[in-house]
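Working through the structure, step by step
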Amino acid sequence: MKFPALIVLSCFLTALITHETHAQQAVRARDLGIPFPGKTGRYNAITDVPGVKVGLTTLISGEGNLQTGKGPVRTGVTAILPRGNTYDPVFAGWFALNGNGEMTGTTWISESGFMEGPITITNTHSVGLVRDAVVEWQYRHKHFLPLEETDGLFWALPIVAETYDGMLNDINGMHVKKEHVFQALDSAKSGPVAEGSVGGGTGMVSHGFKAGTGTASRVVRVGDTTYTLGVLVQANHGGKQQFTIAGVPAGPEIKSPKWKMKFGEIKPGTGSIIVIVATDAPLLPHQLNRIARRVPIGIGKVGGHGENTSGDIFLAFSTANPKASRRDAAPKLDMVPNDHMDPLFYATAQATEEAILNAIVAGRDMTGINGNFVPGLPHDEVVRLLKKYNRYAGK
C-alpha cells in the first residue's frame, strides 16, 4: 500500500518540526536536577564528536483500533553518519549483552574491523526495507569506493538495528518506506539532536515510561590530548521496578498513570536497547570492542539487566585515522595505548546512563494502537525523589 501524498507530507513535516523544536526546547535529564559526573560537549550529544551527523524521520498518524496497513502509526528511522557525507570507512567494534534483537552488518565488522557506511535504527519489522534503502542511498550518492577497474560497481553490508514498537505502532503495516530512510539520511546534521518520541525511537518504551531516542557526550583528557565521546541510544528496555535515577529507587516510588493495554500487561523487562558510541579518540577495532563492552555499565546504573527477552546490542566507532581503509598502500595509524583507556571507559558508562535518562525524560504520554497508553515520566515526581534522597543537583 502506498502512502497517500497528504500522509507523506504530514509525516515529513512532523519529522522536521519535531527535530527542530524538540532539539531546542525539550526538557533534558540535567534540567530536572539529576546529577551526572563528567564534562559534556557543547550539545551533550553524539554530534559533539566532530564530523558525526544525525538525521531523524518521525511517523505519527492515526488513532483508535489497529487496522493493519492503515495504522495507527508510531514509528520512524534514525540515521547516523560517522563522517557526514564523506565516504571513508571507520574502525568499529560491537558487543551484544543479550542477543534477542538484530543489528545487521556486524559479522563483517568482526572480520574486517571497519564500518563502511551509515548506521540506521528503526522498528523490528522494517529492518529489511531500511537495509535495502541504505544500499540504494549509498549508490545514488556515490557513498562507496568502486571495485577496482569498474564504474559504479560496489557492495555494501549496511548497519541496521532495531527495537520493537508493536505495543503502540502498526508494526505489521510496514509504514516505513524507502523515502523515509532517504529523509533521515539526507537530513542528517550536526548540532542538537531531538530526543524522546522521534526517529526510530518514536514508539519505544523504557522502564515503564515513554522513551525512545536519547543522546549524551563526554569530553575527556587522555594523556596530553582531549577527546570527545558521544552516545546515542534507542531505549525500549527495562522494568519499572528496577528503574533507578542517580541511585534513587525511582521506579518503585514514582506515582504515575498506569499503562493501558488492550491485551493485558506486558512482562517487565521486555524490549531492547540499541547503543551507538562515537569518539574521535584513535582507537583500533579491538579497543572499540572494549568500549562497546563498557556500555552495559551505564545501562545497569539505570536498572537494565539484559533480560532474556531484550535485544541489547552496542556498536562503537572512531572517526580518527582517516583513510585507514585505503587499498593502495599500508596506512599509518595512531592509537591510544591500552593503559590510557580508562577515561574513555568511564565516559562510555557515564554518557550511556545519561543518554537513557534523556530519552525517558523527553518521552511524553503516548496513545497508540487500540488505545494502548504509555505515560511519560512525571518530572515533578523525579524532582521530589531527588530531594528526598539528597541527590538533587538543581538550583
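Counting restarts for each chain, with residues numbered from 1 along the sequence as it is written. Only residues with pLDDT of 70 or above have their local features reported here, since the model is predicted, and side-chain atom pairs are shown and tallied only from 80 upward, although totals for entire chains, interfaces and linings are computed over all residues. Hydrogens and water are ignored here; the side-chain numbers use all heavy atoms of the structure.

Here we come to the sheet that holds strand E12 (residues 310–318). Any two strands with at least two DSSP-identified bridges between them are counted as paired. Here a helix means four or more residues in a row that DSSP labels H or I, a strand means two or more in a row labelled E, and each is numbered from the N terminus. Within the open sheet, the 6 strands sit side by side as E4-E3-E12-E11-E10-E9. Their pairing is mixed. What marks the edges here is a single partner per strand, and that holds for strand E4 (114–115) and strand E9 (212–222). When strand E3 (residues 90–99) meets E12, the two strands line up antiparallel, connected through 8 bridges. Within E12, the residue paired with alanine 92 across the bridge is phenylalanine 317. Across the sheet, helix H7 (residues 295–302) is in contact with E3, strand E11 (271–279) and E12; its angle to E11 comes to roughly 130°. Contacts from helix H8 (residues 342–362) reach E9, strand E10 (225–236) and E11, with the element oriented near 155° to E9. Between two residues, a contact is recorded if the distance between any of their heavy atoms is within 4.5 Å. To get an axis, a line is fitted to the C-alpha atoms, and for a helix only the part in contact is used. The angle between two axes follows their N-to-C directions and goes from 0 to 180 degrees.

Under the pairing criterion, centres of Phe, Tyr and Trp rings, with the six-membered ring standing for Trp, must be within 6.5 Å; the plane angle then separates stacked pairs below 30 degrees from edge-to-face pairs above 60, leaving the rest tilted. Applying the stated criterion across every chain, the model contains 7 aromatic pairs. Note on phenylalanine 95 and phenylalanine 314: the rings are 6.4 Å apart at their centroids and 40° apart in plane angle, and the pair reads as tilted. Taken together, the positions of phenylalanine 95 in strand E3 and phenylalanine 314 in strand E12 put the pair 219 residues apart, joining distant regions of the chain. Residue classification places phenylalanine 95 among the partly exposed residues on the basis of a relative accessible area of 25%. Exposure categories follow from relative accessible area, calculated using a 1.4 Å probe and restricted to protein chains: below 20% of the type maximum is buried, above 50% is exposed, and the middle band is partly exposed. The exposure class of phenylalanine 314 is buried, given its relative accessible area of 0%. Centroid distance phenylalanine 144 to phenylalanine 154: 4.2 Å. Interplanar angle 15°. Geometry classified as stacked. Of this pair, phenylalanine 144 sits in the loop between helix H3 (127–140) and strand E6 (159–163) while phenylalanine 154 is found in the loop between H3 and E6, placing the two residues 10 residues apart along the sequence.

We now examine the sheet that holds strand E5 (residues 119–123). Taken together, the 4 strands give an open sheet; going across it, the order is E1-E2-E5-E6, and neighbouring strands pair in mixed fashion. The open sheet has two edge strands with one neighbour each: strand E1 (53–61) and E6. For this sheet, the mean angle separating the axes of adjacent strands, direction not counted, is 15°. Two elements, E5 and E6, share 5 bridges in a ladder whose sense is parallel.

Looking now at the environment of alanine 281. Take alanine 281: it is sitting in the loop between E11 and helix H6 (285–292). Distance from alanine 281 to phenylalanine 95, taken between C-alpha atoms, is 19 Å for residues 186 residues apart in sequence. Those residues in contact with alanine 281, other than ones at most four positions away along the chain, are Tyr227, Ser318, Ala320, Val336 and Leu344.

The next thing to look at is the nonpolar core. Joining through side-chain atoms within 4.5 Å is the link that ties buried Ala, Val, Leu, Ile, Met, Phe, Trp, Tyr and Cys residues into a set, and such a set is a nonpolar core. With 54 residues, the main nonpolar core has Ile34, Val233, Phe243, Ile245 and Val275 as its most contacted residues. Secondary-structure elements contributing two or more residues to this core are E9, E10, E11, H6, H7, E12, H8 and helix H9 (379–388). Take this core: its biggest share by element is 10 residues, from H8. Sequence-distant contacts of phenylalanine 243, that is, excluding residues within four places in its chain, are made with His207, Phe209, Val248, Pro249, Ala250, Gly251, Pro252, Val302, Leu357, Ile360 and Leu377. Within the second largest apolar cluster, 26 residues are counted, among which are Leu56, Met103, Ile109 and Leu315.

The next subject is the packing of H7 against H8. Interhelical geometry of H7 versus H8 gives an angle of 45° and a closest axis separation of 7 Å. Between H7 and H8, the angle falls in the class oblique. For the pair H7 and H8, the sense of crossing is right-handed. Within the contact between the two elements, H7 uses Val295, Ile297, Gly298, Ile299, Lys301 and Val302 and H8 uses Thr348, Ala349, Thr352, Glu353, Ile356 and Leu357. Amino acids outside the nonpolar list (Ala, Val, Leu, Ile, Met, Phe, Trp, Tyr, Cys, Pro) and the charged list (Asp, Glu, Lys, Arg) are all regarded as polar, and Gly is one of them. When grouped by side-chain class, the residues that make up the contact of H7 with H8 number 7 nonpolar, 3 polar and 2 charged. Angle categories: roughly parallel below 35 degrees, roughly antiparallel above 145, roughly perpendicular from 65 to 115, and oblique for all the rest. A clockwise turn of the near helix away from the far one marks a right-handed crossing, whereas an anticlockwise turn of less than a right angle marks a left-handed crossing.

Further remarks concern the pattern of salt bridges. A carboxyl oxygen of Asp or Glu within 4 Å of a side-chain nitrogen of Lys or Arg is what we treat as a salt bridge. As enumerated under the stated definition, the model contains 11 salt bridges in all. Of the charged contacts, one joins glutamate 136 and lysine 178 as a salt bridge, the two residues approaching to 3.2 Å between their closest N and O atoms. Here the residue glutamate 136 occupies a position in helix H3, and lysine 178 occupies one in helix H4 (residues 178–186), the gap between them amounting to 42 residues. Of the residues examined, glutamate 136 reaches a relative accessible area of 24% and is grouped as partly exposed. Residue arginine 326 is joined to aspartate 328 by a salt bridge in which the shortest nitrogen-to-oxygen separation is 2.8 Å. Shared partners join several salt bridges into a network, and the residues in it are Arg30, Arg218 and Glu354.

A few words now on the confidence of the model for the protein chain. Across the protein chain, the average pLDDT comes to 92, with 93% of residues at 70 or higher. Throughout residues 1–24 the model reports pLDDT below 50, and contacts reaching past four residues in sequence, or to other chains, amount to 31 contacts. The pLDDT value tells you how sure the predictor is about a given residue, anywhere from 0 up to 100.

Inspection of the secondary structure puts arginine 218 in strand E9. At 3.0 Å, the side chain of arginine 218 forms a polar contact with the backbone oxygen of proline 37. For this analysis, a polar contact is any N or O atom pair within 3.5 Å, provided that within protein one partner can donate a hydrogen and the other can accept it, and provided that sequence-adjacent residues contribute only side-chain to side-chain pairs.

Locating aspartate 170 in the fold gives a position in the loop between E6 and H4. Lysine 177 provides the closest opposite charge to the buried, unpaired aspartate 170, separated from it by 9.4 Å. Filtering out sequence-adjacent residues up to four positions away, aspartate 170 remains in contact with Leu66, Gln67, Thr68, Gly69, Lys70, Gly71, Pro72, His175 and Ile369. Counting rule for charge: Lys and Arg are taken as positive, Asp and Glu as negative, and neither His nor the chain ends is counted.

Turning our attention to the pairing of E10. Burial runs high along E10: 10 of the 12 residues are buried. Pairing of E9 with E10, which is carried by 11 bridges, proceeds in the antiparallel orientation. Bridge pairing links threonine 215 to leucine 232 in E10. The turn joining E9 and E10, which pair antiparallel and follow one another in sequence, is formed by 2 residues; a positive phi near 65° is taken by glycine 223.

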